[in-house]
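Notes for the structure review
Spelled out, the chains give:
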Amino acid sequence: MRNSVLLLGFIFMLLMPSCGFKEKHEAVEFYNKITNINDTLFRMTTAWHDTLDRAVLKKNYSNLPAPRTELGAFISRSRAMLGDMVPTPENEKLKDAEESLLEARAQRVADIYPVFEPLSELTPKETVAKNLALIRGDVDSEKAGIDTVKRFLKVYAEKYRMKK
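These notes cover the structure that comes with them.

1. Some thoughts on the overall build of the protein chain
Broken down by element type, the protein chain carries six helices and zero strands. Going from the N terminus to the C terminus, the protein chain shows its helices and strands as α-α-α-α-α-α. Split into buried and exposed, the 164 residues of the protein chain put 34% on the buried side. Contacts spanning at least 24 positions in sequence make up 77% of the contacts within the protein chain whose residues lie at least 6 apart. Surface exposure of the protein chain reaches about 10,700 Å², of which carbon and sulfur atoms provide 58%.

Structure representation (C-alpha coordinates):
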(Lines give C-alpha, C1' and ligand atoms only; values in the text may rest on other atoms or scores of the structure.)
Protein backbone atom coordinates (compact mmCIF):
# COMPACT_ATOMS: atom_id res chain seq x y z
CA MET A 1 0.00 0.00 0.00
CA ARG A 2 2.74 2.41 0.98
CA ASN A 3 4.70 1.65 -2.20
CA SER A 4 1.57 2.24 -4.29
CA VAL A 5 1.06 5.67 -2.76
CA LEU A 6 4.70 6.56 -3.35
CA LEU A 7 4.51 5.31 -6.93
CA LEU A 8 1.33 7.30 -7.61
CA GLY A 9 2.89 10.38 -6.02
CA PHE A 10 5.98 9.98 -8.18
CA ILE A 11 3.89 9.57 -11.35
CA PHE A 12 1.82 12.62 -10.38
CA MET A 13 4.99 14.68 -9.93
CA LEU A 14 6.21 13.60 -13.35
CA LEU A 15 2.95 14.37 -15.12
CA MET A 16 2.29 17.70 -13.38
CA PRO A 17 4.74 19.82 -15.41
CA SER A 18 3.52 18.38 -18.67
CA CYS A 19 -0.13 19.30 -18.04
CA GLY A 20 0.60 23.04 -17.84
CA PHE A 21 -0.65 23.46 -14.28
CA LYS A 22 2.48 25.32 -13.13
CA GLU A 23 2.45 27.56 -16.22
CA LYS A 24 -1.18 28.51 -15.64
CA HIS A 25 -0.52 29.11 -11.95
CA GLU A 26 2.38 31.44 -12.78
CA ALA A 27 0.24 33.24 -15.36
CA VAL A 28 -2.54 33.78 -12.82
CA GLU A 29 -0.02 35.03 -10.25
CA PHE A 30 1.50 37.45 -12.79
CA TYR A 31 -1.97 38.68 -13.81
CA ASN A 32 -2.98 39.24 -10.18
CA LYS A 33 0.22 41.13 -9.36
CA ILE A 34 -0.15 43.50 -12.31
CA THR A 35 -3.81 44.09 -11.54
CA ASN A 36 -3.02 44.78 -7.90
CA ILE A 37 -0.24 47.22 -8.82
CA ASN A 38 -2.53 49.17 -11.15
CA ASP A 39 -5.44 49.30 -8.70
CA THR A 40 -3.21 50.45 -5.85
CA LEU A 41 -1.38 52.96 -8.04
CA PHE A 42 -4.64 54.56 -9.15
CA ARG A 43 -6.03 54.62 -5.60
CA MET A 44 -2.86 56.22 -4.19
CA THR A 45 -2.61 58.80 -6.98
CA THR A 46 -6.25 59.75 -6.52
CA ALA A 47 -5.68 60.06 -2.77
CA TRP A 48 -2.72 62.39 -3.35
CA HIS A 49 -4.81 64.55 -5.70
CA ASP A 50 -7.64 64.65 -3.13
CA THR A 51 -5.12 65.77 -0.51
CA LEU A 52 -3.86 68.44 -2.93
CA ASP A 53 -7.40 69.68 -3.57
CA ARG A 54 -7.99 70.05 0.18
CA ALA A 55 -4.60 71.75 0.56
CA VAL A 56 -5.42 74.30 -2.14
CA LEU A 57 -8.76 75.10 -0.51
CA LYS A 58 -7.32 75.40 3.01
CA LYS A 59 -3.98 76.85 1.82
CA ASN A 60 -2.22 74.30 4.01
CA TYR A 61 0.18 72.12 2.03
CA SER A 62 1.84 70.39 4.97
CA ASN A 63 -0.10 67.13 4.43
CA LEU A 64 1.30 66.53 0.92
CA PRO A 65 4.74 65.00 1.62
CA ALA A 66 3.48 61.85 3.38
CA PRO A 67 1.20 60.56 0.59
CA ARG A 68 3.78 61.51 -2.05
CA THR A 69 6.49 59.59 -0.23
CA GLU A 70 4.15 56.63 0.21
CA LEU A 71 3.29 56.71 -3.49
CA GLY A 72 6.95 56.95 -4.50
CA ALA A 73 7.87 54.03 -2.25
CA PHE A 74 5.04 51.95 -3.69
CA ILE A 75 6.16 52.70 -7.24
CA SER A 76 9.74 51.81 -6.36
CA ARG A 77 8.69 48.48 -4.78
CA SER A 78 6.44 47.70 -7.72
CA ARG A 79 9.20 48.41 -10.22
CA ALA A 80 11.56 46.13 -8.28
CA MET A 81 8.93 43.37 -8.10
CA LEU A 82 8.22 43.72 -11.82
CA GLY A 83 11.94 43.59 -12.58
CA ASP A 84 12.20 40.32 -10.65
CA MET A 85 9.46 38.68 -12.73
CA VAL A 86 10.75 36.35 -15.41
CA PRO A 87 9.88 37.64 -18.89
CA THR A 88 8.24 35.19 -21.24
CA PRO A 89 7.07 35.68 -24.81
CA GLU A 90 3.48 35.72 -23.50
CA ASN A 91 3.96 38.40 -20.84
CA GLU A 92 6.67 40.52 -22.48
CA LYS A 93 4.37 43.19 -23.95
CA LEU A 94 2.36 43.39 -20.76
CA LYS A 95 5.49 43.66 -18.65
CA ASP A 96 6.92 46.38 -20.91
CA ALA A 97 3.67 48.38 -20.77
CA GLU A 98 3.59 48.15 -16.98
CA GLU A 99 7.27 49.15 -16.69
CA SER A 100 6.62 52.14 -18.95
CA LEU A 101 3.63 53.21 -16.86
CA LEU A 102 5.55 52.90 -13.60
CA GLU A 103 8.53 54.79 -15.01
CA ALA A 104 6.32 57.67 -16.15
CA ARG A 105 4.54 57.76 -12.79
CA ALA A 106 7.84 57.69 -10.89
CA GLN A 107 9.11 60.64 -12.88
CA ARG A 108 5.98 62.70 -12.19
CA VAL A 109 5.98 61.85 -8.49
CA ALA A 110 9.66 62.78 -8.20
CA ASP A 111 9.66 65.92 -10.36
CA ILE A 112 6.23 67.51 -10.25
CA TYR A 113 4.50 66.52 -7.01
CA PRO A 114 7.15 68.06 -4.71
CA VAL A 115 6.65 71.59 -6.14
CA PHE A 116 3.50 71.91 -4.01
CA GLU A 117 5.13 71.08 -0.70
CA PRO A 118 6.91 74.40 -0.02
CA LEU A 119 3.74 76.41 -0.73
CA SER A 120 1.92 78.20 2.09
CA GLU A 121 -1.01 80.53 2.65
CA LEU A 122 1.29 83.39 1.63
CA THR A 123 1.98 81.92 -1.81
CA PRO A 124 0.48 84.10 -4.56
CA LYS A 125 -2.51 82.65 -6.41
CA GLU A 126 -0.64 82.92 -9.70
CA THR A 127 2.12 80.62 -8.42
CA VAL A 128 -0.42 78.08 -7.19
CA ALA A 129 -2.26 78.26 -10.54
CA LYS A 130 1.02 77.80 -12.44
CA ASN A 131 1.86 74.72 -10.36
CA LEU A 132 -1.64 73.31 -10.78
CA ALA A 133 -1.21 73.64 -14.55
CA LEU A 134 1.75 71.24 -14.27
CA ILE A 135 -0.50 68.44 -13.06
CA ARG A 136 -3.52 69.16 -15.21
CA GLY A 137 -4.51 65.88 -16.81
CA ASP A 138 -2.28 63.87 -14.46
CA VAL A 139 -5.01 61.45 -13.38
CA ASP A 140 -6.27 61.18 -16.96
CA SER A 141 -2.83 60.32 -18.30
CA GLU A 142 -2.40 57.71 -15.58
CA LYS A 143 -5.81 56.26 -16.38
CA ALA A 144 -4.84 56.09 -20.07
CA GLY A 145 -1.67 54.19 -19.15
CA ILE A 146 -3.62 51.82 -16.93
CA ASP A 147 -6.18 51.28 -19.71
CA THR A 148 -3.33 50.31 -22.07
CA VAL A 149 -2.09 47.78 -19.53
CA LYS A 150 -5.66 46.50 -19.05
CA ARG A 151 -5.93 45.81 -22.79
CA PHE A 152 -2.77 43.70 -22.58
CA LEU A 153 -4.14 42.03 -19.44
CA LYS A 154 -7.33 41.12 -21.27
CA VAL A 155 -5.37 39.42 -24.08
CA TYR A 156 -3.18 37.70 -21.50
CA ALA A 157 -6.23 36.46 -19.55
CA GLU A 158 -7.86 35.13 -22.71
CA LYS A 159 -4.72 33.23 -23.64
CA TYR A 160 -4.70 31.42 -20.29
CA ARG A 161 -8.51 31.22 -20.11
CA MET A 162 -8.67 33.15 -16.86
CA LYS A 163 -11.91 34.40 -15.40
CA LYS A 164 -11.86 38.08 -14.55
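Moving on from the model shown.
2. Observations concerning helix H3 (residues 65-84)
In this model, H3 (20 residues) spans 29 Å end to end at C-alpha, consistent with the 28 Å of a helix rising 1.5 Å per residue. Of all the residues in H3, the buried ones are Pro 67, Arg 68, Leu 71, Phe 74, Ile 75, Ser 78 and Leu 82. Relative to the axis of H3, the buried residues are bounded by an arc of 125° and lie together on one face. Every exposed residue of H3 that faces more than 90 degrees away from the buried side is listed here: Glu 70, Arg 77 and Asp 84.

3. Some details on the environment of His 25
Tracing the chain through its elements places His 25 in helix H2 (residues 21-58). The spacing of His 25 and Tyr 160 is 135 residues in sequence and 9.6 Å in space, taken between C-alpha atoms.

4. Section: the side chain of Arg 68
Looking at the element boundaries, Arg 68 is found in helix H3. Polar side-chain contacts of Arg 68 include one of 2.3 Å to the side chain of Glu 117. Excluding residues that lie within four positions of it along the chain, Arg 68 makes contacts with Trp 48, Val 109, Tyr 113, Pro 114 and Glu 117.

5. Details of unusual backbone geometry
One non-glycine residue, Lys 59, adopts positive backbone phi at about 55°. As for its position among the elements, Lys 59 is in the loop between H2 and H3. Relative accessible area serves as the criterion here: at 38%, Lys 59 is assigned to the partly exposed category. A positive phi angle, close to 50°, is found at Arg 161, a residue other than glycine. Mapped onto the elements of the fold, Arg 161 is located in the segment after helix H6 (138-159).

6. Quick word on the side chain of Arg 105
For Arg 105, the position within the fold is in helix H4 (residues 92-111). Among the polar contacts listed, one links the side chain of Arg 105 to the side chain of Tyr 113, at a separation of 2.8 Å.

7. Quick notes on the pattern of salt bridges
Tallied over the entire structure, the rule returns six salt bridges. With a shortest N-O distance of 3.0 Å, Asp 138 and Arg 105 are connected by a salt bridge. Placement of Asp 138 in helix H6 and of Arg 105 in helix H4 is noted, with a sequence separation of 33 residues between them. The same class applies to Asp 138 and to Arg 105, which are both buried. Linking Arg 105 and Glu 142 is a salt bridge whose minimum nitrogen-to-oxygen distance equals 3.8 Å. In this pair, Arg 105 sits in helix H4 while Glu 142 sits in helix H6, placing the two residues 37 residues apart along the sequence. For the pair Arg 105 and Glu 142, one class covers both residues: buried. Among the ionic contacts, a cluster of salt bridges with common partners joins Arg 105, Arg 108, Asp 138 and Glu 142.

What counts, and at which threshold
- In this numbering scheme, every chain counts its residues from 1 along its sequence in written order.
- The predicted origin of the model limits local features to residues at a pLDDT of at least 70 and limits the giving and counting of side-chain atom pairs to 80 or more, whereas totals for whole chains, interfaces and linings rest on all residues.
- Note that the side-chain values use all heavy atoms of the structure and ignore hydrogens as well as water.
- Only DSSP runs of H or I covering at least 4 residues are called helices, and only runs of E covering at least 2 are called strands; the numbering of each starts at the N terminus.
- Partly exposed describes any residue whose relative accessible area lies between the buried limit of under 20% and the exposed limit of over 50%, with all areas from a 1.4 Å probe on protein chains only and scaled to the type maximum.
- Only heavy atoms matter for contacts: two residues are in contact if any of them lie within 4.5 Å across the pair.
- In these tables, accessible area is a Shrake-Rupley quantity obtained with a 1.4 Å probe, and a residue counts as shielded only by the protein chains included in the view.
- One fewer than the residue count of a helix, multiplied by 1.5 Å, yields its expected span.
- Directions from the helix axis toward the C-beta atoms define the arc.
- We call two N or O atoms a polar contact when they sit within 3.5 Å, provided that within protein one can donate a hydrogen and the other can accept it, with sequence-adjacent residues counted only if both atoms are side-chain atoms.
- One side-chain nitrogen of Lys or Arg within 4 Å of one carboxyl oxygen of Asp or Glu is enough to make a salt bridge.

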